[in-house]
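Listed below, chain by chain, are the residues.
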Amino acid sequence: MTAPPIVLATDFGLSDAYVGMMRGVIHSINHAAHVIDLTHGIGPQDVRHGAVVLTDSFRYFPAGSIFVAVVDPGVGTDRAAILLETPDARFVAPDNGLLTLVCRQYEPFFGDTNQSAPAPVPQACRVWRLTNPDYWRHPVSNTFHGRDVFSPVAAHLSLGAPPNVLGDPAPTITTLALPIPRPERNAIQGQVVFADAFGNLVTDITADLLDDIGVAPGDPSTTVTIAGHTIAGLARTFHDPPGSDLPSSSLRALIGSHGRLEIAIVDGNAASTLNAGAGVPVSINGRANNRSP
């Protein structure tokens, strides 16, 4: 059988040699490894951004893919290195909440909390702490576990190493403080989770949540509010007719390719125009579309 691909997702960028070294370690162990770069543009130390990118992306890869996810502000501390095995994919990552939203795919309210804390592993998943140094690269740097722990572990997994030789089973996994936005009558309060390279503001309000309040593209009774501006209606595309109160009428709210509510500027950068980024509140009001009693 063909070995599963190894998918890299980091906040390392591409101007330094970090990603290249990770690839080199993987190929040193598995010469035939198929390595795919998902992204190396996650915001530096932005674990929440990484969590969103992983959960929005992993289902586009073959079943059994091995994700090496490295957004690791606590590298070298006592935070654990873990392997999460789900019904669809495997994730090698620091145990710092980076896998919170992946776990939520298998347990809908997993990590629905205002604080970071250990939580029981979802029943459909399993976690191992990577405690066996025989499967690491040596010497292990205190500041680069992506190269010396996560990459070699992923390479051994791609060659068929069973999880139980890599470390010990763990009953819990660390969650991020990522409460789930909930509809209240005909409205939802959420927030921006990251800005993409185009300056589009991606939120934690999903298309499923909008369905709960009967919101659909093209209905002018819907309003979206962000950074003191109000947008009338949900657009279908970035170039739908005007709907904002900006003088240029270029602000749009729409469901983007992530399946999340996004705020965009036509042919521009919403993040810089609105001076908005992660954590900025966003509200959407379904008005006449309300399906609640």
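Higher on the page you've got the structure.
Residues numbered from 1 in each chain as written. Predicted model: local features only at pLDDT ≥ 70, side-chain atom pairs only at ≥ 80, totals over all residues. Heavy atoms only, no water.

(A) Structural context of the packing of helix 1 (residues 18–29) against helix 4 (residues 145–158). Direction vectors running N to C along helix 1 and helix 4 enclose 40°, while the axes themselves pass 8 Å from each other. Crossing hand, helix 1 versus helix 4: right-handed. Side by side, helix 1 and helix 4 meet where M21, M22, V25, I26 and I29 of the first sit next to G146, R147, S151, P152, A155 and H156 of the second. Residue composition of the contact of helix 1 with helix 4, grouped by class: seven nonpolar, three polar and one charged. (Axes fitted to C-alpha atoms, helices over the stretch in contact; angles between N-to-C directions. Helix = DSSP H or I, 4+ residues; strand = E, 2+ residues; numbered from the N terminus. Left-handed = near helix turned anticlockwise from the far one by under 90°. Contact = heavy atoms within 4.5 Å. Nonpolar A, V, L, I, M, F, W, Y, C, P; charged D, E, K, R; others polar.)

(B) Spotlight on the pairing of strand 4 (residues 81–85). For strand 4, the tally of buried residues reaches five of five residues, placing the bulk of the element in the interior. Where strand 4 meets strand 5 (residues 89–94), five bridges bridge the pair, whose relative direction is antiparallel. The residue of strand 5 that forms the bridge with A81 is P94. Between strand 4 and the antiparallel strand that follows it, strand 5, lie three residues. As paired strands, strand 4 and strand 7 (residues 126–129) are joined by four bridges and run antiparallel to one another. The residue bridging E85 from the neighbouring strand is R126, located in strand 7. (Buried < 20%, exposed > 50% of the residue type's maximum accessible area, 1.4 Å probe, protein only. Pairing = 2+ DSSP bridges.)

(C) Inspection of the sheet that holds strand 2 (residues 35–39) at higher detail. Strands sit in the order 2-1-3-5-4-7-8 across an open sheet of seven strands; the sheet is mixed. The outermost strands of the open sheet, each flanked by one partner alone, are strand 2 and strand 8 (168–170). With direction set aside, neighbouring strand axes in the sheet form an average angle of 25°. Strands in contact with helix 1 are strand 1 (6–10), strand 2 and strand 3 (65–70); relative to strand 1, the strand with the most contacts, it is inclined by about 155°. Across the sheet, helix 4 lies against strand 1, strand 3, strand 4 and strand 5, angled at about 175° from strand 3, the strand it touches most.

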